[in-house]
Amino acid sequence: MKNIKTFFSLFFVALFASIGLFSCNKFKGNQEIPAYIHIDTFLLTTNYPYEGAASHKITDVWLYIDDNLNGCYELPATIPVLERGKHKVTLYPGIKLNGISATRTVNPFYKPYIIEDHIFQEKIVDTVLPSVTYFSKDESSIEFWIEDFERQVSLDETATSDTTITRTERDAPENWDDEFNNSHYSGYVWIGDTLNYFCIASPEFYNLPNQGDNVFLEIDYKSTDVFEVGMFAKISGIETIQLIYVNPSPVWNKIYVNLGPNITDAQEAQYFKFYIAGSVDESSEAHYYFDNIKLVYRE
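The notes below deal with the structure included here. Along each chain, residues carry numbers from 1 onward, in the same order as the chain's sequence is written. For a predicted model such as this one, the threshold for reporting local features is a pLDDT of at least 70, and the threshold for listing and counting side-chain atom pairs is 80 or more; totals across whole chains, interfaces and linings nevertheless cover every residue. With hydrogens and water excluded, all non-hydrogen atoms of the structure serve as input to the side-chain values.

Observations concerning the side chain of Asp291
Link 1 in the chain: Under the scheme used here, helices are H or I runs from DSSP no shorter than 4 residues and strands are E runs no shorter than 2 residues, and both carry numbers assigned from the N terminus. Along the chain, Asp291 falls in strand E21 (residues 285-298).
Link 2 in the chain: Ignoring any residue separated from it by four or fewer positions in sequence, one finds Asp291 in contact with Glu147, Asp148, Phe149, Trp176, Ser183, Tyr185, Ser186, Ile219, Asp220 and Trp252. The contact criterion used is simple: two residues touch if any of their non-hydrogen atoms lie within 4.5 Å.

This is the structure:
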């Protein structure tokens, strides 16, 4: 019995030793020391009269080296790169569609930031400050519909709504703030008491692309309660398409909603509207602020 125990003891010692040697071997050989790219955030600039405010929620960077995908990284990011010398670096701004981490994607309406000859050096951390814009109409046939509450409000209450959206006081402290002084007003909805439901809708859109194209709805918001974003489609009657519920935020936040798949699914519709809605119990109240609402698509 003692000999058997001794045999098995020696067997397992030899086995684990061989595993250890095998595991260590994968770290031997040509070891490369990476270079690094560090990115804190993206800067977005816009042509305000046509593209609206430079509001964004770019959460990720999609890194391409020599037009090959290196990876998607949440910002801020310090990214190791096993390259040396000059290479083309392309940084695509990434967002979370519908505010969901599982739906991270490149924003197809933002131009990428390109460095034609970035020099990689081992151990060196290069900080890059990417500045991006929307694609221009000439480059990409891009179209904007904008509600920034700086002019006449184009959103209107629906027939079932208890109240409507109003414009805030000029430069009120709760308004969305634009450091370039382009923004002075925001949209505001209050519900409570007997006014416990609101639903505001856009004008009709008759010519939105419907062949699987992206149609992004951007909304800046802060609120004390949940609200819903959806669409109305005019087919034989008015069909309601519920899209997402947005959680409250005590500070200004932003969300991107892709209407494209639902527009494609309802190609027979004569027109579409988007809507924003919310409700509370009779014993509660809620405050909703909105700004920089954009519908962005390619013609």
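There's plenty left to go through after this.
Regarding the sheet that holds strand E17 (residues 227-234)
Link 1 in the chain: Strands were regarded as paired on the criterion that DSSP finds at least two bridges between them. Here we have five strands laid out as an open sheet, ordered E12-E15-E20-E17-E18, and antiparallel in their pairing. Because the sheet does not close on itself, it has two edges, and the strands there are strand E12 (156-157) and strand E18 (238-246).
Link 2 in the chain: Strand direction decides the pairing type here: E12 and strand E15 (residues 197-201), joined by two bridges, are antiparallel. Each bridged residue has a counterpart across the sheet, and for Glu157 the counterpart in E15 is Ile200.

Brief notes about the nonpolar core
Link 1 in the chain: Here, the term nonpolar core denotes a set of buried Ala, Val, Leu, Ile, Met, Phe, Trp, Tyr and Cys residues that are joined through side-chain atoms within 4.5 Å. Think of it in three bands: with a 1.4 Å probe and only protein chains considered, a residue is buried below 20% of the maximum accessible area for its type, exposed above 50%, and partly exposed in between. Leu217, Ile219, Leu259, Tyr288, Phe290, Ile293 and Leu295 are the most contacted members of the largest nonpolar core, which has 38 residues in total.
Link 2 in the chain: Mapped by element, the contributors of at least two residues to this core are strand E14 (187-192), E15, strand E16 (215-223), E17, E18, strand E19 (249-258), strand E20 (271-279) and E21.
Link 3 in the chain: The element that contributes the greatest number of residues to this core is E21, accounting for six residues.
Link 4 in the chain: If we skip the residues at most four places from it in the chain, Phe290 touches Phe149, Ile165, Ser186, Gly187, Val189, Phe198, Ile219, Asp220, Tyr221, Phe227, Trp252 and Ile276.
Link 5 in the chain: Core analysis: the next-biggest nonpolar cluster, separate from the first, contains 29 residues, Ile37, Leu44, Val61 and Ile65 among them.

Re the pattern of salt bridges
Link 1 in the chain: A pair is scored as a salt bridge if a Lys or Arg side-chain nitrogen falls within 4 Å of a carboxyl oxygen belonging to Asp or Glu. Counted under the stated rule, the structure contains twelve salt bridges.
Link 2 in the chain: Notably, a salt bridge pairs Glu143 with Lys137, separated by 2.3 Å at the nearest N-O pair.
Link 3 in the chain: For Glu143, a relative accessible area of 15% corresponds to the buried category.
Link 4 in the chain: For Lys254, the salt bridge is made with Glu218, and the minimal N-O distance between the two is 3.1 Å.

As for the environment of His287
Link 1 in the chain: Relative to the helices and strands, His287 is located in strand E21.
Link 2 in the chain: Relative accessible area serves as the criterion here: at 26%, His287 is assigned to the partly exposed category.
Link 3 in the chain: Put simply, His287 and Gly192 are 95 residues apart on the chain and 9.1 Å apart in space, counted from C-alpha to C-alpha.
Link 4 in the chain: Here the side chain of His287 touches Tyr188 through a polar contact of 2.7 Å, side chain to side chain. Polar contact is defined as a pair of N or O atoms within 3.5 Å, subject to the rule that within protein one atom must be able to donate a hydrogen and the other to accept it, and that residues adjacent in sequence are counted only when both atoms are side-chain atoms.

Remarks on the packing of aromatic side chains
Link 1 in the chain: Aromatic pairing here means that ring centres of Phe, Tyr or Trp (its six-membered ring) are within 6.5 Å. Orientation follows from the plane angle: under 30 degrees is stacked, over 60 is edge-to-face, and everything else is tilted. With the rule as written, the count across this model stands at 16 aromatic pairs.
Link 2 in the chain: Ring geometry for Tyr221 and Phe227: centres 5.2 Å apart, planes at 75°, overall edge-to-face. The pair formed by Tyr221 and Phe227 is uniform in burial state, with each residue classed as buried.
Link 3 in the chain: The interplanar angle of 85° and the centroid separation of 6.4 Å between the aromatic rings of Phe227 and Tyr288 together place this pair among those described as edge-to-face. Note that Phe227 is positioned in strand E17 and Tyr288 in strand E21, a separation of 61 residues in sequence.
Link 4 in the chain: By the ring-pair criterion, three or more aromatic residues cluster together here, those being Phe198, Tyr221, Phe227, Tyr288 and Phe290.
Link 5 in the chain: Remark: a charge is flagged as sitting over a ring if the NZ atom of Lys or the CZ atom of Arg is within 6 Å of the ring centre and within 35 degrees of the ring normal. Over the ring of Tyr185 we find Arg167, and its NZ or CZ is 3.8 Å from the ring centre.

Some thoughts on unusual backbone geometry
Link 1 in the chain: Across the junction of Leu75 and Pro76, the peptide omega takes the value -5°, indicating a cis bond.
Link 2 in the chain: Here Pro76 shows up in the loop between strand E4 (68-74) and strand E5 (77-81).
Link 3 in the chain: For Asp66, which is not glycine, the phi dihedral falls at a positive 55°.
Link 4 in the chain: For Asp66, the position within the fold is in the loop between strand E3 (60-65) and E4.
Link 5 in the chain: With relative accessibility at 34%, the residue Asp66 sits in the partly exposed group.
Link 6 in the chain: In this structure, Asn98 is a non-glycine residue whose phi angle is positive, near 60°.
Link 7 in the chain: Summarising the element assignment, Asn98 is placed in the loop between strand E6 (85-96) and strand E7 (104-106).
Link 8 in the chain: Overall, Asn98 belongs to the partly exposed group, its relative accessible area being 26%.

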